[in-house]
Amino acid sequence: MTGDARLTARVAASTRPEGSHSRAPRSVGVVGGGLLGLDIAYELAQQGVKVSVYEADKRLGGLAGSTKIGGVAVDRYYHAVTTTDDKVVSLAESLGLSIRWRPLGVGFYHDGQRCSMSTPVEVLRFPGLRLDDKARLAAFVLACGRIKDAEALDEQPIEAWARKLSGNRLWERLWAPLLDSKFDGHYDDLPATYLWSRMRRTAGTRSKGGREVMGAIEGGYQALVDRLADRIRSLGGEVHTSTPVRHIPASASGAAIGVVTDAGLQAHDTVVTTQLRPNLKGLLADELEHALGPDPLRYMGIVCLVARVKQSVSPYYAINITDRRVPITSVVETTHAVDPEWVDGHLIYVPKYVRSTNPILERSSEDITDEFLGHVQTLFPDFRREDVIASQVARTTVAEPVHVASVANRIPPVFAAPGLAVASSARVHPNIVHGQAIAGVAEHVAGEVLARLTTDNTQQRSAA
């Protein structure tokens, strides 16, 4: 935003006295029309709060939204629902959406060999580990399940904790390569909480037979966010697309007073931002930016090839890669959960999580496609490139927050300044980022906002 525009916004703000009743009470502006922003807005709208959602893109959904591959709408990035995702399941069903459940396989690529690890018996057959390693792995998973309070784990670096609990060989042969794959080689500052959270989520999604069970929302998460938007509007709220927020101004006392769009200042009692901190840069008034304090987190980007193919490529929903000669994070075939008829083919996602400085983010989509399909052929020699119907490369430099040891559990309060609530996927800790965790953040933030609005209204009535 230019300096003149900022000055105009501040002048407009100064013309409205604090405590003015010239606009409707209990008004909330939500910046961001992804799953988090829409879920927060829906929670508030159900309580009678006047909400307005502002999304810069022409479509809602953000990272959970869809894209078109060869004329067919598919998830831009891969998503799944697990049997423990009660908040997502309840929300989807309340909005009239069905979920397709399937038992799925999980594979590993280790030392040039592909193997299944879909059941406990197959884990025991895993060729990369000795028998005593496998016993320690089983004990490790059970130990993670017994740990209920993870706060102490936030202070422990992941490597020392994992070596102590599961042994040096398991760390070197399994955990370290997986973390290298997920964090682009930079994982030394992670807290033990990360591995603990992953083990608990994976263990909780298995059926009685030991296989993981996952589901897919019909129409994907795009259908979920679109239904949320419709429901918000039916409750009297507003959902604006193609409406970027240019600035969030502050009053003379340092309180957020609304949002500035191309149409001018839109006044709100509370503004809720859903962007990760790097994406807030330049958006907030200086007073609000200062109130946030330093950001203790770092962030991962992602480069992801998604391809529609004529036939199934992998026998697994996802394959974990511990052989780092294949420098991608995984190959995920979502049509083991998603009905192939919904997408007119089969879908594979080839993600690579990267640091924001990784030069691959600047490479052409053609080069990335050629390289990533080559990795798919290494993992699955029967794959034929001529079976690709259409493909697309999605990328972003800021996709996922990384909490570091010793500061991981120090999530700041929802209200960074009067009138400004800060919500993002950074608040999912100690969980990893997934739909269930995002729904939990939405519920918590909406509760905090509602409590603050109720308190403010009570104080205004008392002063009147």
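Our structure is the block above this text.
Residues numbered from 1 in each chain as written. Predicted model: local features only at pLDDT ≥ 70, side-chain atom pairs only at ≥ 80, totals over all residues. Heavy atoms only, no water.

Draft legend 1. Focus on the sheet that holds strand S6 (residues 99-104). With antiparallel pairing, 3 strands are arranged side by side in an open sheet as S5-S9-S6. This sheet does not close on itself; its edge strands, each paired only once, are strand S5 (81-82) and S6. Two elements, S6 and strand S9 (residues 212-217), share 6 bridges in a ladder whose sense is antiparallel. For proline 103, the partnering residue across the bridge sits in S9 and is valine 213. (Pairing = 2+ DSSP bridges. Helix = DSSP H or I, 4+ residues; strand = E, 2+ residues; numbered from the N terminus.)

Draft legend 2. How the structure looks around helix H2 (residues 35-45). Within H2, 10 of the 11 residues are buried, which leaves the element mostly enclosed by the surrounding structure. Those residues of H2 not exposed but buried are Leu35, Leu36, Gly37, Leu38, Asp39, Ile40, Ala41, Tyr42, Leu44 and Ala45. (Buried < 20%, exposed > 50% of the residue type's maximum accessible area, 1.4 Å probe, protein only.)

Draft legend 3. Representation of the pairing of strand S13 (residues 270-273) within the structure. Because side chains alternate across S13, one face comprises the buried residues Thr270 and Val272, and the other comprises Val271 and Thr273, equally buried. Where strand S1 (residues 27-31) lies against S13, 4 bridges are found, and the strand directions are parallel. The partner of valine 30 across the bridge, within S13, is valine 272. Summarising the sheet, S13 and strand S20 (residues 420-422) pair through 3 bridges and their orientation is parallel. Each bridged residue has a counterpart across the sheet, and for threonine 273 the counterpart in S20 is valine 422.

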